[in-house]
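Descriptive analysis of the structure
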Amino acid sequence: MTDTQYQYIDGEWTDGDGNELVVRNPASPDETVVSFPAATGAQATRALAAADEASGAWGASTPDERETVLYDAADRVEANLDRLAETLTLEEGKPISSSRGEVARAAEILRFFASYTRTATGDTVPSTDPETFTYTVREPLGVVSLITPWNFPIATPTWKVAAALASGNAVVLKPSSETPTIAKRLVEILAAAGVPDGALSLVVGPGSTVGDELITDERVDGISFTGSTGTGTHISTTAAERGVPVQTEMGGKNPQVVLPDADIDAAADAAVAGAFGLTGQACTATSRLLVHEAVADRVTEAVVDRAESLSVGPGMADPDMGPAVSADQDETNFEYVSIAREEGATLLTGGGRPAEPESGYFIEPTVVTDVESSMRIAQEEVFGPVLSIIEVADFDEAIRVANDVAFGLSASVFTADMARWREFVDRIEAGVIKVNGTTSGSQIQMPFGGMKASSSETAKELGQRAYEFYTHEKSVYRTDP
Ligand code: NAP
């Protein structure tokens, strides 16, 4: 394999047949991290054909064979943690300590799904006929296409690939063109750990061509996608036409509600971690802070103080906040600051480029207030470090405003009142709910996914639900002769 061979098809590293793909360091955009030829749609088709060929044998492998491969891959990820974290930061930009945490999490995910190979089961179901034994079995879908974004460029591919391989599927992975090298390293590790040729392929290239093959080819038996709502909706519609199982996890506009009895310091810490951690580039990032008017001044002051104390800089220097991933995302961040101001919001802090560093896609942590729910800044996903504060008069208004968006991924409430947080859980339209915690983050054994425009709501990721998505269920009625 040479440094420019990013396509792994049927067990061979190969050059792409497409246009040159250039990845730049977002902390220093003049610096090219890597440049290589992208895959074409025809190469994606070849990868799917290889997966089709390999899926029977991999699907018939024993649980302990698959378990051994995934545990070995986890060990290799850990053994290479520093190198992988550096690769991740150079392409995506996040602080190196966050990258280390994400790589460690990838190892944890591999182990979690390795353990599933032995413990995942069907059900024994009571039979109404004493002569007949009724039970269910699960079997792999076959060939699955996995399409991932750039913001968790090792964790997201890992949680899809590990779940799909653990349950016996052959996989073709298409990572984001912004962060291909970390995906390449993951696939190298899985191949070295023993995933057979064809059972795992990697194709790196544009979604419009390579991605399109991966959703339309008739060999594809299942699709899992994470990314923007626009792309995800297109993919789930296309998959629905063929009746192929599809899972899409998409955008968010996540609210954090702060009620008068909340621990104000804890609420401010959570809002700042949720809004500015990972430069706001998390689908579960906090983008709306809904504060009861009785504590609005205190919460606002605490949030602004904390935002202003954050360091911003290149990920390799391990600041509190790194750059936006790309020129496009950088432009989007500044555009939304302008939109908010034009709509009448007040800029409390941030909104500009920090004095240092001199180049790179950096923006100061930004907080705007006097935001109304109808404004674009309160409705549209920025995917950057811009937090809107919306004052509410009471709990009912907080719920109404929190639900007054197209999205429904994550939501949090800060209160000491059990009746209130239980009512919040009942009434909030969100797939992930935190009580006295930040909207961002999840645990791998918990199902993960959203409601409304945040998700196809067909099947959640992670936890047992992931295993269920990647398998068919058969109901068996056995009557002895
Ligand atoms: P994106 O533009 O939708 O891209 C996601 C992936 O889809 C990339 O690999 C992309 O390829 C590919 N793609 C683009 N067009 C395609 C098509 N027509 N057919 C098949 N694949 C196609 O999203 P992004 O900018 O990478 O990621 C940011 C978004 O992801 C945000 O909206 C964020 O909220 C969301 N996200 C959601 C979750 C969640 O779990 N809910 C988690 C993380 C991120 P190329 O880019 O290489 O062309």
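Residues numbered from 1 in each chain as written. Predicted model: local features only at pLDDT ≥ 70, side-chain atom pairs only at ≥ 80, totals over all residues. Heavy atoms only, no water.

1. Describing the pattern of salt bridges
What counts, and what does not: Here, a salt bridge means any side-chain nitrogen of Lys or Arg that lies within 4 Å of a carboxyl oxygen of Asp or Glu. Only runs of H or I of at least four residues qualify as helices and only runs of E of at least two qualify as strands under DSSP, and these elements are numbered from the N terminus. Buried means the residue's accessible area, taken with a 1.4 Å probe over protein chains only, is under 20% of the maximum for its type, while exposed means over 50%, and partly exposed covers the values in between.
In this structure the tally under the stated criterion is 21 salt bridges. Residue R111 is joined to E78 by a salt bridge in which the shortest nitrogen-to-oxygen separation is 2.9 Å. Of this pair, R111 sits in helix 4 (residues 96–119) while E78 sits in helix 2 (residues 63–79), and the two are 33 residues apart along the sequence. Assessed through its relative accessible area of 40%, E78 is described here as partly exposed. When the shortest N-O distance is used, the salt bridge between K474 and E139 registers 2.9 Å.

2. Quick look at the domain arrangement of the protein chain
Our working rule: An automatic or database domain assignment provides the domain bounds reported here. Any two residues whose heavy atoms approach within 4.5 Å are treated as being in contact. Buried area is a sum: the accessible area each of two parts loses on coming together, probed at 1.4 Å, counted once for each and added. N or O atoms closer than or at 3.5 Å make up a polar contact, with two conditions inside protein: a donor-capable atom paired with an acceptor-capable one, and, for residues adjacent in sequence, both atoms drawn from side chains.
Each assigned domain of the protein chain is listed with its residue range as follows: domain 1 (7–250 + 455–479) and domain 2 (254–435). Relative placement of domain 1 and domain 2: their C-alpha centres are 31 Å apart. Residue-level contacts link 23 residues of domain 1 with 25 residues of domain 2. Taken over both partners, the interface formed by domain 1 and domain 2 buries close to 1,800 Å², and the fraction arising from carbon and sulfur atoms is 65%. Counting the surface domain 1 buries against domain 2, the share from its top three residues, A27, P95 and W150, is 26%. Here domain 1 is connected to domain 2 by zero salt bridges. Applying the counting rule to domain 1 against domain 2 returns six residue pairs in polar contact (both at pLDDT 80 or more). Listing elements by their share of the side of domain 1 that touches domain 2, those giving two or more residues are strand 4 (28–37), helix 3 (81–92) and helix 4. No other element matches the five residues that helix 3 contributes to the side of domain 1 that touches domain 2.

3. Topic: the sheet that holds strand 6 (residues 132–140)
Rule in force here: Between any two strands, pairing holds if DSSP finds at least two bridges.
Here we have three strands laid out as an open sheet, ordered 5-6-21, and antiparallel in their pairing. Strands at the two margins of the open sheet, each flanked by one partner only, are strand 5 (124–125) and strand 21 (471–479). Looking at chain direction, strand 6 and strand 21 are connected through nine bridges and run antiparallel. Residue pairing across strands places P140 opposite T471, the latter belonging to strand 21.

4. Observations concerning the packing of aromatic side chains
The criterion, for reference: Centre distance within 6.5 Å is the pairing criterion for rings of Phe, Tyr and Trp, where only the six-membered ring of Trp is used; planes under 30 degrees apart are then read as stacked, over 60 as edge-to-face, and the remainder as tilted.
Applying the stated criterion to the full structure yields ten aromatic pairs. Ring geometry for F113 against Y116: centres 6.2 Å apart, planes inclined by 40 degrees, an arrangement best described as tilted. Of this pair, F113 and Y116 both sit in helix 4, three residues apart, which is roughly one turn of that helix. For the pair W150 and F383, a centre-to-centre distance of 5.4 Å together with 75 degrees between the ring planes defines the contact as edge-to-face.

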